[in-house]
Amino acid sequence: MMGMVSAWENWERLRTDPAADPIEVLRALSAFQRYFAAIEKEAVKVARSQNRTWHEIGAALGRSRPAVRQRAASRTDDSKGAEWLALRRRLEDSWATSAEVRHNIGMSPPQ
């Protein structure tokens, strides 16, 4: 993603150009959405670490408490899912290595 200064300059150019390509406008919009979503995620984490309530966070964002909490939970679930998948792969690799070692030294597999 381009730097935010040039992104703002690009946006200003697009905003003032009556013949701006709508696809280029959408790309610029998408970049800003990703940027602000990342800022929102971090701000929510900080607010929660400071014991701010989901109600306060939702009010600040103009959303309901359940909507904000659900969005934060889905982001957490995604990162937790990746962590669990990585752990599962490490365990499977460990079991495969263990089974190979047992086979190579003539031990029977665990029951």
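Please read these numbers as outputs of a predicted model, since none were measured by experiment.

## Remarks on the packing of aromatic side chains
Next, step 1: The final tally for this structure, using the stated rule, is 5 aromatic pairs.
Next, step 2: On the basis of an interplanar angle of 65 degrees and a centroid distance of 6.5 Å, the ring pair of Trp 8 and Phe 36 is categorised as edge-to-face. Taken together, the residues Trp 8 in helix H1 (residues 4-16) and Phe 36 in helix H2 (residues 22-49) connect sequence positions 28 residues apart.
Next, step 3: Relative to Phe 36, the ring of Phe 32 has its centre 6.4 Å away and its plane inclined at 20 degrees; by these criteria the two rings are stacked. A residue pair is termed a helical-turn pair when its members lie 3 or 4 positions apart in one helix, as Phe 32 and Phe 36 do in helix H2 at 4 residues.

## Describing the pattern of salt bridges
Next, step 1: According to the stated counting rule, one finds 6 salt bridges in the structure shown.
Next, step 2: For Arg 15, the salt bridge identified is with Glu 12, shortest N-O distance 2.5 Å. Remark: Glu 12 and Arg 15 occur in helix H1; sequence separation between them is 3 residues, near one turn of the helix.
Next, step 3: The class of Glu 12 is partly exposed, set by a relative accessible area of 37%.
Next, step 4: What emerges from the salt-bridge pattern is a single network uniting Glu 40, Arg 63 and Arg 71.

Parameters at a glance
Residues numbered from 1 in each chain as written. Predicted model: local features only at pLDDT ≥ 70, side-chain atom pairs only at ≥ 80, totals over all residues. Heavy atoms only, no water. Phe/Tyr/Trp six-rings, centres within 6.5 Å; stacked < 30°, edge-to-face > 60°. Helix = DSSP H or I, 4+ residues; strand = E, 2+ residues; numbered from the N terminus. Salt bridge = Lys/Arg side-chain N within 4 Å of Asp/Glu carboxyl O. Buried < 20%, exposed > 50% of the residue type's maximum accessible area, 1.4 Å probe, protein only.

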